[in-house]
Structure formats: C-alpha cells, structure tokens
Amino acid sequence: MKDLDKNDHSLLVKGVGEPSLGEYICWHGGESASVYLLLIDEEKPDSFLSCRAKSYNCKFTCTWSNSSYHVVRLGLGPHCRKGNDLCHWFNGTVNKQDGSLHFELYHSRSPYAEESTMLELTAEATDGYFFFKRTMKFHLRDIIKPDSPHIIQCQELDHSLNVIVKPPLSWSKPHSFFALEHEVEYQSAHDGNFESVKSTSPMQIPKMITKLRVRSRDSLVQSAWSHWTGWTNVKTQVMCQSLLASTISLTETQWNVPYVV
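Keep in mind that what you see is a predicted model, and the values were worked out from it rather than measured. (Residues numbered from 1 in each chain as written. Predicted model: local features only at pLDDT ≥ 70, side-chain atom pairs only at ≥ 80, totals over all residues. Heavy atoms only, no water.)

*Asks:* What is the right way to read the overall build of the protein from this model?
*Replies:* A tally of regular secondary structure across the protein gives one helix and 22 strands. Nonlocal contacts in the protein, meaning residues at least 24 apart in sequence, comprise 55% of its contacts between residues at least 6 apart. A total of about 15500 Å² of accessible surface is found on the protein, and carbon and sulfur atoms cover 51% of it. (Helix = DSSP H or I, 4+ residues; strand = E, 2+ residues; numbered from the N terminus. Contact = heavy atoms within 4.5 Å. Areas by Shrake-Rupley, 256 points an atom, 1.4 Å probe, with all protein chains shown as cover.)

Have a look at this one:
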C-alpha cells in the first residue's frame, strides 16, 4: 500500500477510504505481534442513546436504537472514556421487536447522599468500517422516571372521593424519604370533561366521575412523569371500592383494570 509512512515504531496511514479499512496485523520475526482495526471515526449525533433509572438504587438502563451498528458497548467512568484496560464494559441484549439494544448498568452511588459528581457514560460502536465513540455526563436524578404507581383504594366520603396511591415496587425505600408526587386525571360524569389534581397520597377528587388514572414523579427533583396507569372505570351508584394490587395485571405502560362494582 503506497499511502503508508513509517516513523520509528509508528505507522501513519494516509488517504483512508473503505478499501483500506479493516483488520491489520503487525508481524515481528515471522510471528503475529498485534492486531489492529482501522476504522473511520463517524461524526453522528448521539440521539439514538437514551438512559433511564426507575429509582435511586444501583442500577439504571440504556437503550441503543441505531441498528446499523452490529457491535455496541457501554462503560462507566473515566477509564472507559480513556479506553484503558481498567474499564468494565457492558454488553446489551437485542429487542427482537425493533432491533434496539437494551443495557443494564450498575453504579456505586449511595441513594441517600447528594450527588456531587456526574456519571460519565461512554458508548463505543462499530459496523466494521465506521467507528462511533461518545461520552455523556449526567446526574442520576436527571434520568429518573418511576414505574407506574398502584391505585390501592378509592374511598367514598361525603362530598369527595379519597384516592390512595402506592409507589411502584421498583421505587426506592423508605417512601417517606423518597417521596413521590402523584397526579390523578379523571372524567366528570356531568359534562365529560377531563380534569386533574396533583398531590401526595391520599388525594381527594370529586365524587361524580366515570373513570380515573394516575401517574407519579419524584417530588423533590421534579423528575420525568411515569407512564399513566390504565383507566379505572367507576360506576356512579357505587363509587369506589378497594382495588387490591394482587388482582390487577400490571405492565409498565398498560394496566388491565377490572370494572369497579
């Protein structure tokens, strides 16, 4: 190859194009001494990498949505940014529905201490010809998004309904320390309009409603809201009764909620 310049122990490759990309083997004394991959550094936005923490515990997740890269890895800390051997890399699992990669990452931050430094996340990816590397910095509180809460009970009072909401099982404990703010949205039985109330549990809303649903967020840092629960249908003659979580089939985005009778 004519576009190679040797300088002591370094080899400079000039005018790199796709025909020149790939694996290079360095030989010494007739034996393979080292192997290198020659790739093009790709300048692309990092919008296809998103992260979320369900709580302040030691785990959070990231999703890589660009399926054109067949090798992707994520790492935490300055060792990964510098690319040295002390970095612990995390590999993802493939979502068969959309081809995205799902990562579970672990950190050693205490959930009870104030964050003084940011998490440093490095992503490396390649498709065999192009190389992508980006480092993101963020606080754990910036990616908090709780799971959907549980509607535990709906009590009929003289002039209102008392809605009791419980944090999701994945939320940090004790709940008195990691307080959640809830929002109840309901449909009026009088005019069909939708209204909402934000508060901590329990919450009081008008009696004459047809259905309600709830979502939650961290009340201290004003985190992203959780997904809404599914709509709970309320009959106007017998307004509400206990809704036991064990009788409700839950997913993160949809609840199969029985009619209240």
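*Asks:* Can you walk me through the state of the cysteines in this structure?
*Replies:* Two cysteines joined by a covalent bond between their sulfur atoms form a disulfide. Here the structure, examined in full by the defined rule, presents two disulfides. Between the sulfur of Cys51 and that of Cys62 lies a disulfide, 2.1 Å long from S to S. Disulfide Cys51 to Cys62: torsion about the S-S bond roughly 100°, handedness right-handed. Placement of Cys51 in strand 6 (residues 49–52) and of Cys62 in strand 7 (residues 59–64) is noted, with a sequence separation of 11 residues between them. Both residues of the pair, Cys51 and Cys62, belong to the buried class. Across the disulfide, Cys80 is cross-linked to Cys87 (sulfur-sulfur distance 1.9 Å). One quick way to see it: the torsion about the S-S bond of Cys80 and Cys87 is about 90°, and its sign makes the bridge right-handed. Each member of the pair Cys80 and Cys87 is classed as buried. (Disulfide = S-S within 2.5 Å. Buried < 20%, exposed > 50% of the residue type's maximum accessible area, 1.4 Å probe, protein only.)

*Asks:* It is not clear to me how the packing of aromatic side chains should be interpreted in this structure. Could you clarify?
*Replies:* Two numbers describe a pair of aromatic rings. These are the distance of the centres and the angle of the planes. Within the structure shown, the criterion is met by 13 aromatic pairs. Centre to centre, the rings of Tyr69 and Phe132 are 6.1 Å apart; their planes meet at 55°, and the pair counts as tilted. Taken together, the positions of Tyr69 in the loop between strand 7 and strand 8 (71–76) and Phe132 in strand 13 (residues 130–138) put the pair 63 residues apart, joining distant regions of the chain. Linked through ring pairs, Tyr56, Tyr112, Trp171, Phe177 and Phe178 together constitute an aromatic cluster. Positioned above the aromatic ring of Trp231 is the side chain of Lys211, whose terminal nitrogen or guanidinium carbon lies 4.7 Å from the ring centre. Cation over ring: Arg213 sits above Trp228, and NZ or CZ is 4.3 Å from the ring centre. (Phe/Tyr/Trp six-rings, centres within 6.5 Å; stacked < 30°, edge-to-face > 60°. Lys NZ or Arg CZ within 6 Å of the ring centre and 35° of its normal.)

*Asks:* Please clarify how the side chain of Asn162 should be interpreted in this entry.
*Replies:* The residue Asn162 is located in strand 15 (residues 161–166) in this model. A relative accessible area of 10% places Asn162 in the buried class. When sequence neighbours within four positions are dropped, the list of residues in contact with Asn162 reads Gln153, Cys154, Gln155, Leu157, Pro202, Met203 and Gln204.

*Asks:* How should I be thinking about the pattern of salt bridges in this particular structure?
*Replies:* Side chains carrying opposite charge are able to pair once their charged atoms draw close together. Per the stated rule, a full pass over the model turns up 13 salt bridges. Between Lys207 and Glu156 there is a salt bridge, with its nearest N and O atoms 3.1 Å apart. Placement of Lys207 in the loop between strand 18 (203–205) and strand 19 (209–218) and of Glu156 in strand 14 (residues 150–156) is noted, with a sequence separation of 51 residues between them. Under the relative-accessibility criterion, Glu156 is labelled partly exposed at 42%. One connected set of salt bridges, linked through shared partners, spans Arg52, Lys54 and Asp147. (Salt bridge = Lys/Arg side-chain N within 4 Å of Asp/Glu carboxyl O.)

*Asks:* Would you mind showing me how to read the sheet that holds strand 14 here?
*Replies:* Paired through their backbone hydrogen bonds, the strands of a sheet run either parallel or antiparallel. An order of 14-15-18 is seen for the three strands of this open sheet, with the pairing classed as antiparallel. Here the strands that pair on one side only, and so sit at the sheet edges, are strand 14 and strand 18. For this sheet, the mean angle separating the axes of adjacent strands, direction not counted, is 30°. Relative to strand 15, strand 14 is paired through six bridges, and the arrangement is antiparallel. Looking at strand 15, one finds that Glu156 is bridged to Leu161. (Pairing = 2+ DSSP bridges. Axes fitted to C-alpha atoms, helices over the stretch in contact; angles between N-to-C directions.)

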